[in-house]
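Each chain, letter by letter, is given below.
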Amino acid sequence: MTLIELVVAISVMVLVSTLCFSKDDNNKHQINSFAKQLCSDIRYVRKCNMLGDLNTYIYYKKDNDKTSYILRSDFKDVKEIDLPNGSKLIGLSKILFNTNGSPNPKGQTIEIISNSIQKQITIVPVSGRVLLKEGKYET
């Protein structure tokens, strides 16, 4: 009898915890995931460009109903990542680096905006470092 009560109690707790997560939390998770993936891909492009592979870059694509960025290497699209629904991407152009790691032609700030969530990715002009504004620096 106590084992059945324990299973029922755990099931009820799991059910209540899944109901507590709102759609806004899911949207925030999707934006965070997209921003971190974009940062990772920009760092990958920088590493490839520093090793002499200047045919690897990221570019921005906007269709009628979706916005995405595409990682291109050796004249082929390697992967396409879609922006979560209801979000905007501002400031993304072709991302390419020089062999010394500095951005080509200059650094830039990319903004990902959705309702109350705003993320900024900065490519530092001289060094080419990729910074994601998050955590305690968010407003």
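Chains are numbered independently. Their residues run from 1 in the order of the written sequence. Residues qualify for local features only when their pLDDT is at least 70, as the model is predicted, and side-chain atom pairs are given and counted only at 80 or more; totals for whole chains, interfaces and linings, by contrast, use all residues. Note that water and hydrogens are dropped before the side-chain values are worked out from all heavy atoms of the structure.

Draft legend 1. Expanded view of the overall build of the protein chain. Strands here mean DSSP runs of E at least two residues long; helices mean DSSP runs of H or I at least four residues long; both are numbered from the N terminus. Within the protein chain, the secondary structure is distributed over two helices and nine strands. Listed N to C, the secondary structure of the protein chain is α-α-β-β-β-β-β-β-β-β-β in terms of helices and strands. Relative to the globule expectation of 14 Å for 139 residues, the C-alpha radius of gyration of the protein chain, 20 Å, shows a markedly less compact shape. When a residue's accessible area, from a 1.4 Å probe over protein chains only, is under 20% of the maximum for its type it is buried; when over 50% it is exposed; and in between it is partly exposed. Counting over 139 residues, the protein chain shows a buried share of 31%. It is over C-alpha atoms that the radius of gyration is taken, and the globule rule equals 2.2 Å times the number of residues to the power 0.38.

Draft legend 2. Examining the sheet that holds strand 2 (residues 67-73) more closely. Paired strands are those between which DSSP finds at least two bridges. Across the sheet, which stays open at both edges, the three strands sit in the order 1-2-3 with antiparallel pairing between neighbours. For this open sheet the edge positions go to strand 1 (57-62) and strand 3 (76-82), each flanked by a neighbour on one side alone. Mean inter-strand twist for the sheet, computed between neighbouring axes without regard to direction, equals 25°. Where strand 2 and strand 3 come together, six bridges link them in antiparallel fashion. Paired with Y69 across the two strands is I81, which belongs to strand 3. The axes used here are C-alpha line fits, helices contributing only the stretch in contact, and every angle between their N-to-C directions lies in the interval 0 to 180 degrees.

Draft legend 3. Structural context of the sheet that holds strand 8 (residues 117-123). Strands sit in the order 4-7-8-9 across an open sheet of four strands; the sheet is antiparallel. Two strands lie at the open edges of the sheet, namely strand 4 (88-90) and strand 9 (130-133), each paired on one side alone. On average, adjacent strands in this sheet sit at an angle of 15° to one another, irrespective of strand direction. Note that strand 8 and strand 9 share four bridges and pair antiparallel.

Draft legend 4. View of the packing of aromatic side chains. Put simply, two rings from Phe, Tyr or Trp (the six-membered ring, in Trp's case) pair if the centres are within 6.5 Å, and we call them stacked under 30 degrees between planes, edge-to-face over 60, tilted for the rest. By the definition in use, this model includes two aromatic pairs. Pairing F34 with Y69 gives two aromatic rings, centres 5.6 Å apart and planes at 70°, and the pair type is edge-to-face. With F34 in helix 2 (residues 23-50) and Y69 in strand 2, this residue pair connects regions lying 35 residues apart in the sequence. Seen in terms of ring centroids, Y57 and Y59 are 6.1 Å apart; in terms of plane orientation they differ by 45°. Their pairing is tilted. Relative accessible area serves as the criterion here: at 18%, Y57 is assigned to the buried category.

Draft legend 5. Representation of the nonpolar core in the model. Judged by nonpolar contacts, the single largest core of 21 residues is most densely connected at L38, I42, I58, I95, I110, I112 and I121. With seven residues, the top contributor of residues to this core is helix 2. Residues are treated as being in contact if the distance between any of their heavy atoms lies within 4.5 Å. I42 has contacts with I58, I95, F97, I110, I121, I123 and V130, leaving out every residue within four places of it along the chain. Nonpolar core, defined: a set of buried Ala, Val, Leu, Ile, Met, Phe, Trp, Tyr and Cys residues in which side-chain atoms within 4.5 Å join the residues together.

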